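Residue-level structure breakdown
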Amino acid sequence: MSHSEEVEDSTAPLIEHLAELRTRLIRSVLAFAVGVILAFVVAEPILQFLVQPIEQTLRALGDPSPTLQYTSPQEYLFTLFRISMVFGFALSFPMIGYQLWRFVAPGLYKTEKGAFLPFLVASPFMFLLGATFAQLVVTPLAMQFFLGFADVSSIFANLISKAAGDVAVTLPDGVNVDTAVVPATTDGVKITFFGKVNESLDITLKFIMAFGLCFQLPVLLTLMGKAGLVSSDGLGAMRKYAVVAILVLAALVTPPDVITQLILFVVVYGLYEISIFLVRRVEAKREEKLRAEGYYDDEYDDPLMTEFDEDEDK
């Protein structure tokens, strides 16, 4: 075979892989476009659901008709587009994940396929679980803190105003009532919440993304453990550093509210401990398989030490 024929044979598989990649990308983009269109149809109900914690908090604070506003003509439409992009990707992820799987599966061994596929299914499930937790637990607590803080401040202002005392003044225009009681000090500027649609949605989506990604921790660490990149003993030894990292994370992605930060810390640290348990199970299954195949040496407690000793004897 000539040199030119060898080059042609080596480039042919590459061209085939690129063609396959193009096909998978086109199908993924089409699935994403369909997801965006479907999400845009129901973007208004989705928006109402996302801002529900703000509505409930305002009603609890005494506002009978909570209102969110937009200050530019295109703001509301762009907000719906933003919702459509996020939830459109969520709707199309099963198809996108399937196309990814079809692209990489031919290059994997049977055991690798069995290892990769469960994580491809678990990842969106854990993200959905984290997003649900953020919407139903974290966001309401954050709204109660932010909006309730302004309400508490107004209560203190009223107490200070009343403590200044009242004075009697004569009403004008010969009103039948001779005098009326009015505060001795002015009330100042009335501070009222006029929430913008895009800004209110922004904080909700940030919580959803943050907790959705945090809930990927068991999936990521277990996959790394299956690949041999981390071990359960190593993760256990890193507990004190993990605690510090989680506390920093809680301070960054949650409001300055001790209760919310404590909830995030407990949840994420619990996920870290679950990750250690899952990695330990992966290691136990790997050890059991190597024992059955005769590659595990109890003397060294190392699955590959037997093969190393045999090579040394040779």
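Rules and cut-offs
- Residues numbered from 1 in each chain as written.
- Predicted model: local features only at pLDDT ≥ 70, side-chain atom pairs only at ≥ 80, totals over all residues.
- Heavy atoms only, no water.
- UniProt positions renumbered as here; feature names shortened; annotations may be inferred.
- Helix = DSSP H or I, 4+ residues; strand = E, 2+ residues; numbered from the N terminus.
- Buried < 20%, exposed > 50% of the residue type's maximum accessible area, 1.4 Å probe, protein only.
- Areas by Shrake-Rupley, 256 points an atom, 1.4 Å probe, with all protein chains shown as cover.
- Contact = heavy atoms within 4.5 Å.
- Salt bridge = Lys/Arg side-chain N within 4 Å of Asp/Glu carboxyl O.
- Core = buried A, V, L, I, M, F, W, Y, C linked by side-chain atoms within 4.5 Å.
- Expected span 1.5 Å × (residues − 1).

If you look the chain up in an unreviewed UniProt entry, it shows as Sec-independent protein translocase protein TatC from Pseudophaeobacter arcticus. The Subunit (unreviewed entry) field of the UniProt record for the chain holds the comment "The Tat system comprises two distinct complexes: a TatABC complex, containing multiple copies of TatA, TatB and TatC subunits, and a separate TatA complex, containing only TatA subunits. Substrates initially bind to the TatABC complex, which probably triggers association of the separate TatA complex to form the active translocon." Under the Sequence similarities (unreviewed entry) heading, UniProt states for the chain: "Belongs to the TatC family."

**A short note on the overall build of the chain**
Helix and strand counts for the chain stand at 11 helices and 4 strands. In the chain, buried positions account for 28% of the 314 residues. With an accessible surface of roughly 20600 Å², the chain has 67% of that area assigned to carbon and sulfur atoms.

**Observations concerning the side chain of Arg24**
With respect to the helices and strands, Arg24 occurs in helix H1 (residues 3-41). With near-sequence residues (within four places) excluded, Arg24 lies in contact with Gln99, Arg102 and Phe103.

**Observations regarding the pattern of salt bridges**
Enumeration according to the criterion identifies 6 salt bridges in this entry. Its salt-bridge partner being Lys206, residue Asp202 comes within 3.3 Å of it at the nearest N-O pair. Placement of the pair is Asp202 and Lys206 together in helix H6 (residues 197-214), with a separation of 4 residues, close to one helical turn. Residue Lys206 is classed as exposed on the basis of its relative accessible area of 54%. Put simply, Glu273 and Arg239 hold a salt bridge, and the shortest N to O gap is 2.7 Å. With Glu273 in helix H10 (residues 258-293) and Arg239 in helix H9 (residues 239-253), this residue pair connects regions lying 34 residues apart in the sequence. Via salt bridges that share partners, Arg82, Asp202 and Lys206 belong to a single interconnected network.

**Structural notes on the UniProt feature "transmembrane region" (unreviewed entry) in the chain**
Per the UniProt record, "transmembrane region" (unreviewed entry) is found at residues 29-51, 76-96, 116-138, 203-225, 237-253 and 259-279. In residues 116-138, the share of helix is 100% and the share of strand is 0%. The end C-alpha atoms are 31 Å apart. Note that residues 259-279 is 100% helix and 0% strand, and that its end C-alpha atoms are spaced 30 Å apart.

**Section: the nonpolar core**
Among the nonpolar cores identified, the biggest contains 34 residues, and Leu47, Leu50, Ile83, Phe211 and Phe215 are the most heavily contacted of them. Residue assignment for this core shows that the elements contributing at least two residues are helix H2 (43-50), helix H3 (52-60), helix H4 (75-104), helix H5 (110-163), H6, H9 and H10. When neighbours within four sequence positions are excluded, Phe215 is seen to be in contact with Met126, Leu129, Gly130, Phe133, Val267 and Leu271. Of all hydrophobic cores here, the second largest spans 7 residues; its members include Leu221, Leu235, Ala242 and Tyr272.

**Here's the deal with the environment of Phe127**
Position of Phe127 relative to the elements: it lies in helix H5. Residue classification places Phe127 among the partly exposed positions, given a relative accessible area of 25%. Non-local contacts of Phe127, meaning those with residues more than four positions away in its chain, are made with Ile208, Met209, Gly212, Leu213 and Gln216.

**A short note on H10**
End to end, H10 covers 52 Å across 36 residues, agreeing with the expected 52 Å (1.5 Å per residue, within 8%). By the burial criterion, the buried members of H10 are Thr260, Leu264, Phe265, Val267, Val268, Leu271, Tyr272, Ser275, Ile276, Val279, Val282 and Leu290. Gly294 lies just past H10 and shows a positive phi near 80°.

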